[in-house]
Amino acid sequence: MERLRWVQQCCRQLLAGDSRRGWYSDGLPNSSLLDTHSPRGRVCGKQRTVFPRNGRHQQDYERVSRNYKSNAISTTKYTFLTFIPMNLFEQFHRAANLYFLFLTLLNWVPVVEAFQKEITMIPLLVVLIIIAIKDALEDFRRYLFDKKVNNNVVRVFCGGLMNSTEQPSCPHATKEHHRKKRTVVPSFIENEELKELLQLYKSNKIRTTKYSFLSFLPKNVFEQLHRFANVYFIFLAALNFVPVVEAFQPEIALVPIGEEFTPESFHSRIECENPNNDLSRFRGYMEHSNGVRVGLNSGNLLLRSCTIRNTETVVGIVVYAGHETKAMMNNSGPRYKRSKLEKHLNTDILWCVVLLFVMCLTAAIGHGLWMNSFKESIFQVDTETPPALAGFYIFWTMVIVLQVLIPISLYVSIEIVKLGQIYFIHNDLSLYNKQLDSRIQCRALNITEDLGQIQYLFSDKTGTLTENKMVFRRCSIFGVEYPHEENARRLEVYESENTETAVRSVTLKSGYSGKSLSCRSLSCNRSSVSLHTLTAEPMEEDQLSGHVQPRTGAFCSRMAKEVVPDPALGRKLNWLTNHSSSETPSSMELTYITDFFLALAICNSVVVSSPNQPRHVIPEERTPLKSLEEVKLMFQRFSFSPFSALSPSQIKGSPHSLKSRLFIRGKRGSLTLSTPVSNTTDVSGSSQENDSKPDLSAREEEEQDVEDQETEDDLKDTQTNPDEARQSMQDLTKQVEEITDELVYEAESPDEAALVHAARAYRCTLRGRSAESLLVDLPGIGSLAIQLLHILPFDSNRKRMSVVVRHPLTGQVVVFTKGADSVIMDLAESPTDQTEVYSHIKEKTQKHLDAYAREGLRTLCIAKKVLKEDEYDLWLKAHMLAESSIENREELLLESAQRLETNLTLLGTTGIVDRLQEEVPETIAALQRAGIKVWVLTGDKQETAINIAYACKLLCASDKLLTANCGSKDACAALFEDLILEVQGGESLTALTGNGESMSSSFILVIDGRTLGWALEDELRSNFLELSRRCKAVICCRSTPLQKSQVVQLIRDHLGVMTLAVGDGANDVSMIQVADVGIGISGQEGMQAVMSSDFAISRFKHLSKLLLVHGHWCYSRLANMIQYFIYKNVMYVNLLFWYQFFCGFSGSVMTNSWVLILFNLIFTSAPPLIYGILNQDLPADTLMELPELYQDAQTSKTFVPYMFWITVLDAFYQSLVCFFVPYFAYAGSDVGVLSFGSPINASALFIILLHQVIESNTLTWIHTVVLVLSCTSYFGFVLLLSGFCVTCSPPVNPLGIELLQMSHSLFYITCVLTTVAALLPRLFFQALCNTLHPSTVLKSAHMDTVDSENYRRRMQRWNMTHSKTNRLSAGADNAGLEPSLA
Amino acid sequence: MMASSYSAKDEDGHITVSGPGGGTLRNKKPENTAFKQQRLPAWQPILTAGTVLPAFFIIGLIFIPIGIGLYVTSNNIKEFEIDYTGDDTSSPCYNCAKNFSWNNTKSCTCTIPFQLDQPYESNVFMYYGLSNFYQNHRRYVKSRDDSQLNGNIDSLKKPSKECEPYASIDNKPIAPCGAIANSMFNDTLTLFYNDPNGTSVPIPLTSTGIAWWTDKHVKFRNPVGTNSNLTAVFQGTVKPVNWHRPVYELDTDPENNGFINEDFIVWMRTAALPTFRKLYRIIQKKNNMAPTLPRGNYTLVVDYNYPVRSFEGRKRMILSTISWMGGKNPFLGIAYITVGSVCFFLGVVLLVIHHKYGNRNNSANISN
């Protein structure tokens, strides 16, 4: 059951990942992924209905909402009252605690009772209390967090109040009244402050939101919802705060078309699916009062903990709240994995159980025999019980007496130790990323030691090895390659000197400099608010640029922003603006180029903002300078351009239809302005409050503020008023150019941003974006508003995205598609009339593509398609149908997109560089030296993957590359056979030459996704394993997320090794989850990888410290601590066992039961903890310098099975000494039971503590303090007990015993002898081993410490030999005598 | 309205700065302290032959003298032991041992002559020793009521359940209850010095001061009743089954009677091992001139009451002097000498190894 759920979860995350991931190409669309839809569809079939809480729906609202969860979240498990019962209930689910309980209960049986009843409860109580305190603290922290979250202020649109007032400003009034902690669900929420909105989303989980946004243009009021721009938000996961930009789809109609939106007039009903944990999916529809249904999808849903960007206000309705939110349903808390060591530990514990059983059995038999030997003796209390039965009773008594042998407290100790280890990992300065201000996150608390045993490392490429900061490198258009050499040089410069980037970027931006003043003065006209922002923000940014830059510019680093245009391409483009240019490209090529850059600029989901106006979505501009007519004329000159190649009727028809269409929109657009102003953000706006009919002249005065989305409208304006307009336009253009320079692109995936920036370098600038139009600057043409008809977003099955726009110049419906080369090349079909030219282009482009891939570039193809109007209409109808459907919406949309994306015309291709992260080669080299096999699993092309592998030194020049690309399964099988033979041949060759590792070339297997698919099948699996086991590294390219996880699983299960998977994207999630240790790189691709990981780091290089140092430490610490713990218990318990031979196996003990119980629980519990947390077998520097040391832990030398037995044997020996030395010292004397136990206990304590000192590699003051504390606590306790316990601890009264004993010298004499004799062998053998077989560990440690000494000796020897050579005559037969002679 | 949007922007800027860190402006950079970065100054003991061998020599050098000292001390302790179990027919106590039954009211007396070869100079401690007597048996050890022995009236009347089956007889509480008290050693040992002139001089045996001070004064107390008469205090209780006399008739001295009778106290401190001795009497040194027990012939007169045959036990009488390290025990001295020698030997071994291999390692390093 659990497994099934896990699989579901995995698949879900896979799906979620694919749709989020920017671009990656994988082998085959995975049918199994699609299959998982079906069960989910069934599960989520039920729907919920959400009503607004106003007017008409008040009753419905109340009826429906009662069943929904309130928004107050409580992640706490317990309350004050339920804490004790519930916590106890949970704790008794552990086997260990049950064992304790069993013992306690056993002690209540009179015949087997060993101690007083209370005393046996102590261990259980202590363990329960410690865990309960831990749980309580955790719960309290959750409670505080909940409280904080629940107390966030939200503004709730309350139906009742709204009805009472008709004032548009009413929302504010209600807002003030509703600053209450918990929103009632569902209710309107509106907000106007970004910060507050953030809180809002933290406090209130998930909502569907229909957006209203207010930009800060003065007249903006509640917008009509159909005119919304895209709203972007940053998704904030609850656990870490790495921003991820997510595109937010505009909502088309919140109210039926033609009506104005006011909160009180919103009467639509929303049907959506029941709460589920699929973040990427949301299905539902909104039914307006007039019966019109509008489909809703995940784009309409704002998740809990998002930050709103680019808008000031969001109006939404809550659909899920509290615990029903997707974020909450996804948050399963920290993960619990069982480490390998823990599994190992369990076998040891099992041995302990066996040991216990043997000991108890011995005692039972012994007691039976002993009983048998006496007829009726004076000291026998009970003579009635037959010996056999007495033996049986004794068995159970002994179980109680020797209970300590089963180290139950070990589990608690391990937990505490791991917390300590996590604390140190978390606090490591070298795992801290200054740029992101992020530490390592340890999400899994109990697999720290697995970090020290990794044998296989599976790494994603993009974002893990590389920075995932895409930089446009080169492109090929119309079959012509533009190498962008200048650009390449620039990138090199960046790599060498990162610091100078800032300076450079300023100079590169030359041309438009010095205009900021005018810009500011211009903007001053807008509003005081704008003024404020303009003056205040840059300052702020300057001050804090160090912090701001990496965050805000996550996807558009400076490097990505500045692309140096290729001279050739620049010249060709210049031709557009300046006809006198010498080189005249063919107009067809020019069209290609223009379209190519246009596609780059618009075929994406990038949102534009400028730092000055972060939320200003569309800087709506009028079409500047050049009239459209002029441009059209220019384009018409290209008589054979694809645009005009279409049927003339199309051309003629389309403008008309376009115009009529736009006219309607334009009218609607003007309606906007007459919307009652309900929320104004500035002075000028407030003057127009309640102005139902805005003054047209006022509007013209504030030219900037006019919100015109339709180009034609603007065009008319300019035409009617040319001079005036021209003047203002010139100003505007300047300003716009200035603004453009400061534009910030925020993209879903970094390569999108890179492409937009590249387009901008060619002055094809994406200026703004709204729901229905895009504002683009074109070279030689100026700003154009392009009507955006559709966006078919990227998905991993299609591996492409498309935009459908109405071409601004030709008026045709054009589809621009951008996607993986493999897909686009297939879809690109030659137009019938120009086969020759076209196929030539295609051929050339393919060549360039291959070249790019070889260079390690990421390639994307750009294509376009011109749609005939009737084709478009036909498609549109089907698409609308698909969009509005609720069932199978995704599938229908996919189909619809696929229908559209056919017969594309290939424009060109781009090559994007993704730089390696810093220190990646070093890290990989270190990991390989540490004996970790590094595999790279990537979705990229083979050539790209190999190149990256070269770049990060995974491949060396001497390595032999084995490539496995097969067309069929049989070929694949044969190939594997061949490759294995080859590898074996290579290996034997190496063996023959015997040159060792340094000379031998190792093999690297490169396998592609398709072949991998076969390799993972049962028949070929073993061969694949055999092959890959012999290779130094394996590179899997074009692999799907599922394949990645399958590979990891295969290696993990069949080779039985520890695997680590590291990745940053959602497509790595399954791999991360499958691996023994999953590491997420909290990079730029979102939270899924981090959420599913055990550890989240921010850079790949952190891995080396994490594994080599922390992993090593954690493992050796824990392994040693466990051994020590077992030793401690066996040693102590054996003392009791030996005593049984002298007390007739009666289960008697020579210690006060309090001391006996507390000995393990308190007196000797802290030292192992400190040992487990602080011990460093080697200094961190040495571990980093000598990664080979990692292998020691890898082969589990510290914790091999025989070490367990050595430990147990040593414990036996020590206990023998510890018991029999006092035994012989006191034999025959008048020593009492407890007096006899006193020196035994004391020496046991000394032995146990000193044993640890011997085992410890480092002793700090903390160790000293803890050791001293342990000692004092023991002696303090026993002395107090012996001083003041008159009738306490009834049967075995300790009064006066220790005091008397410690006043005797015999006590000390015995203790010293015992301690020394017990520890002698260990000390001796350790010294012996370290001297005779100095392991690498010790050698290096030795080297560290003895280095100076060595130097001295070397010098000595050097002097010696010199003196020898000088005095040849002295005869150097006896070199040893030389120094003394000299 | 102005204000609100103003602050909105402020906060917006704020957010950009602090990042979406949940509003916390705190830098997440870990503190660079020695503790947090695990760079605490530490002593790193690397146990190699070179580093360890001094310790071995030092231990050896310290232990051997101690061992010799202990051995000498132990040898100086004079100890005399006589077994009077009466197993074999030749033993004077054979008849007593053979005819024993708990119900005998008349005690059997046997006389054992013995000879001391050396004079005992200092105080001599007289012990009785029992063998194969498992006073440390779990059930036996528990079978007592400390609070009754501490003089608690309630416990006197209602002994703890631990005392079962020696808690009460016919609903009358046993005082002192429990198996330990019930099995109290009740032989009477008297010692006579046979003067060379033929007279037999009884040796004065001190019966007080044999118990621990804490036991005598803190742990064991007679119940305090309405009158100081012990007989009255113990009214309503019965004597343990095996006892001949009730607890309030153990001694005539009121300071050594009842629960605070030292023989009783000594018996109640259960021995750790099945073969044990318990202090019976002390022979105080009278004057500085004469030895406490001069060499010569002595007679031990035993009132044979205590049966050991049922568990194959043995009974002994021990005379011993003590030293600072307690009774005679050569083991410790020998053990110290042995361990010291072993240490020394190991030290030598390590020295050899160190010279042979320690140098090799170093030279390997040097050659690098």
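For chain B, an unreviewed UniProt entry supplies the name Cell cycle control protein and the organism Pundamilia nyererei. Per UniProt, chain B carries the Sequence similarities (unreviewed entry) text "Belongs to the CDC50/LEM3 family."

Taking an unreviewed UniProt entry as the reference, chain A is identified by name as Phospholipid-transporting ATPase belonging to Pundamilia nyererei. Under the Cofactor (unreviewed entry) heading, UniProt states for chain A: "Mg(2+)".

Peer 1: Summarise the overall build of chain B; cite the residues concerned and give the values.
Peer 2: When helices and strands are counted, chain B shows 11 helices and 10 strands. Taking all 368 residues of chain B together, the buried fraction comes to 51%. Restricting to contacts in chain B with at least 6 residues of sequence separation, those with at least 24 account for 79%.

Peer 1: Describe in detail the sheet that holds strand E6 (residues 188-194) of chain B, supporting the description with residues and values.
Peer 2: Residues and elements named next belong to chain B. Ordered by their spatial adjacency, four strands build an open sheet running E2-E9-E6-E7, and the pairing between neighbours is antiparallel. On the outer flanks of this sheet lie strand E2 (108-116) and strand E7 (200-202), each paired with one strand and no other. Across the sheet, the axes of successive neighbouring strands diverge by a mean angle of 30°, strand direction being ignored. Bridge count between E2 and strand E9 (residues 296-304): nine bridges; the pairing is antiparallel. In the sheet register, Cys-110 faces E9, and the bridge partner there is Val-302.

Peer 1: I'd like a rundown of the sheet that holds strand E10 (residues 314-320) of chain B, residues and numbers included.
Peer 2: Residue and element names in this part refer to chain B. Read from one edge of the open sheet, four strands run E1-E10-E3-E8, paired in antiparallel fashion. Strands at the two margins of the open sheet, each flanked by one partner only, are strand E1 (79-83) and strand E8 (276-283). Recorded for the sheet is a direction-independent mean angle of 20° between the axes of neighbouring strands. Here strand E3 (residues 124-131) pairs with E10 via seven bridges, running antiparallel. The partner of Phe-125 across the bridge, within E10, is Ser-320.

Peer 1: Any details on the UniProt feature "transmembrane region" (unreviewed entry) in chain B? Residues and values, ideally.
Peer 2: Residue and element names in this part refer to chain B. UniProt annotation of "transmembrane region" (unreviewed entry) refers to residues 46-72 and 331-353 when read in the numbering used here. Between the first and last C-alpha atoms of residues 46-72 the distance is 38 Å; the span itself is 89% helix and 0% strand. With 100% helix and 0% strand, residues 331-353 has its two end C-alpha atoms placed 32 Å apart.

Peer 1: Tell me about a nonpolar patch on the surface, and name the residues and values.
Peer 2: All names here are of chain A. Nonpolar side chains collect at one region of the surface, where Trp-351, Val-354, Phe-357, Val-358, Leu-361, Ile-365, Leu-369 and Trp-1205 lie side by side and expose about 750 Å² of accessible area between them. With seven residues, helix H12 (residues 340-373) is the single largest residue contributor to the nonpolar patch. Here Leu-361 is to be found in helix H12.

Peer 1: Can you break down the packing of aromatic side chains residue by residue, with the values?
Peer 2: To describe a pair of aromatic rings, one takes the distance between the centres and the angle between the planes. Applying the stated rule across the entire model yields 71 aromatic pairs over all chains. Taken together, a centroid distance of 5.3 Å and an interplanar angle of 80° make the contact between Phe596(A) and Phe597(A) edge-to-face. The same class applies to Phe596(A) and to Phe597(A), which are both buried. Over the ring of Tyr280(B) we find Arg281(B), and its NZ or CZ is 4.2 Å from the ring centre. Of note, Lys315(B) hangs over the ring of Tyr304(B), and the distance from its end group to the ring centre comes to 3.4 Å.

Peer 1: Tell me about the UniProt feature "active site" (unreviewed entry) in chain A, and please be specific about residues and values.
Peer 2: In the numbering adopted here, UniProt assigns the feature "active site" (unreviewed entry) to Asp460(A). In terms of polar contacts, Asp460(A) uses its side chain to reach the side chain of Lys1044(A), at 3.1 Å.

Peer 1: Provide a residue-level description of the pattern of salt bridges, including the pertinent values.
Peer 2: Applying the stated criterion across every chain, the model contains 31 salt bridges over all chains. Glu481(A) serves as the salt-bridge partner of Arg474(A), at 2.8 Å between the closest nitrogen and oxygen. You can call Arg474(A) buried: its relative accessible area is 11%. What makes Glu481(A) partly exposed here is its relative accessible area of 22%. Of the charged contacts in the structure, one is a salt bridge between Lys216(B) and Glu262(B), with a shortest N-O distance of 3.3 Å. One end of the pair, Lys216(B), is in helix H8 (residues 213-219); the other, Glu262(B), is in helix H10 (residues 262-268), and 46 residues separate them in sequence. Residue classification places Lys216(B) among the buried positions, given a relative accessible area of 14%. Accessibility expressed as a relative area gives 4% for Glu262(B), which makes it buried.

Peer 1: Explain the domain arrangement of chain B to me, using residue names and the numbers behind them.
Peer 2: Domain assignment breaks chain B into domain 1 (51-77 + 328-355) and domain 2 (79-322). For domain 1 of chain B and domain 2 of chain B, the distance between their C-alpha centroids amounts to 41 Å.

Peer 1: How would you summarise the packing of helix H39 (residues 1018-1030) of chain A against helix H40 (residues 1041-1055) of chain A if you had to cite specific residues and measurements?
Peer 2: Residues and elements named next belong to chain A. Contact geometry of H39 with H40 gives a least axis separation of 11 Å together with a crossing angle of 85°. Taken together, the axes of H39 and H40 are roughly perpendicular relative to one another. For the pair H39 and H40, contact is made by Arg-1021, Phe-1024, Leu-1025, Ser-1028 and Arg-1029 and by Leu-1050, Ile-1051, His-1054 and Leu-1055, respectively. Taken together, the residues of the contact of H39 with H40 sort by class into five nonpolar, two polar and two charged.

Peer 1: Provide a residue-level description of the nonpolar core, including the pertinent values.
Peer 2: In summary, soluble globular proteins display a tendency toward joint burial of nonpolar side chains. Counting residues in each nonpolar core, the largest one holds 141 residues, and the members touching the most others are Leu402(A), Phe1219(A) and Phe1236(A). The greatest single-element share of this core, amounting to 18 residues, is contributed by helix H43 (residues 1102-1140) of chain A. If we ignore the near neighbours within four places in the chain, the residues touching Phe1219(A) are Leu1135(A), Trp1138(A), Tyr1139(A), Phe1142(A), Met1150(A), Phe1236(A) and Ile1240(A). Residues Phe374(A), Ala179(B), Ile203(B) and Phe264(B) belong to the second largest nonpolar core, which totals 72 residues.

Cut-off values and rules
Note on numbering: residues in each chain are counted from 1, in written sequence order. All chains are assigned letters beginning with A, and all ligands numbers beginning with 1, in the order in which they are written. In keeping with the model being predicted, local features are shown solely for residues with a pLDDT of at least 70 and side-chain atom pairs are shown and tallied solely at 80 or more, while totals for entire chains, interfaces and linings include all residues. Remark: hydrogens and water are excluded; side-chain values derive from all non-hydrogen atoms of the structure. UniProt positions are given in the numbering used here, feature names are shortened, and annotations may be inferred rather than shown by experiment. Segments assigned H or I by DSSP are reported as helices when at least four residues long, segments assigned E as strands when at least two residues long, and all are numbered from the N terminus. Burial classes: relative accessible area under 20% of the type maximum marks a residue as buried, over 50% as exposed, and values in between as partly exposed (1.4 Å probe, protein chains only). The contact criterion used throughout is that any non-hydrogen atoms of two residues lie within 4.5 Å. For two strands to count as paired, DSSP must find a minimum of two bridges between them. Whenever a helix is involved, its axis is fitted only over the stretch in contact; in every case the axis is a line through C-alpha atoms, and angles between N-to-C directions fall within 0 to 180 degrees. Patch membership is restricted to residues that have no salt bridge and whose relative accessible area is over 30%. Joining uses 9 Å for like charges and 5 Å for the nonpolar side chains Val, Leu, Ile, Met, Phe, Trp and Tyr. In these tables, accessible area is a Shrake-Rupley quantity obtained with a 1.4 Å probe, and a residue counts as shielded only by the protein chains included in the view. We count a salt bridge whenever a side-chain nitrogen from Lys or Arg sits within 4 Å of a carboxyl oxygen from Asp or Glu. For Phe, Tyr and Trp, rings pair up if their centres lie within 6.5 Å, where Trp contributes its six-membered ring, and each pair is then called stacked (planes under 30 degrees apart), edge-to-face (over 60) or tilted (otherwise). Lysine NZ or arginine CZ positioned within 6 Å of the ring centre and within 35 degrees of the ring normal marks a charge as sitting over the ring. In protein, a polar contact means a hydrogen-donor-capable atom and an acceptor-capable atom, both N or O and within 3.5 Å, with residues adjacent in sequence counting only if both atoms are side-chain atoms; elsewhere, any N or O pair within 3.5 Å suffices. For the purposes of this description, domain bounds are those given by an automatic or database domain assignment. When describing relative orientation, an angle under 35 degrees is termed roughly parallel and one over 145 degrees roughly antiparallel, while 65 to 115 degrees is termed roughly perpendicular and anything else oblique. Any residue that is not Ala, Val, Leu, Ile, Met, Phe, Trp, Tyr, Cys, Pro, Asp, Glu, Lys or Arg is counted as polar, Gly included; the first ten are nonpolar and the last four charged. Side-chain atoms within 4.5 Å are what join buried Ala, Val, Leu, Ile, Met, Phe, Trp, Tyr and Cys residues into a set we call a nonpolar core.

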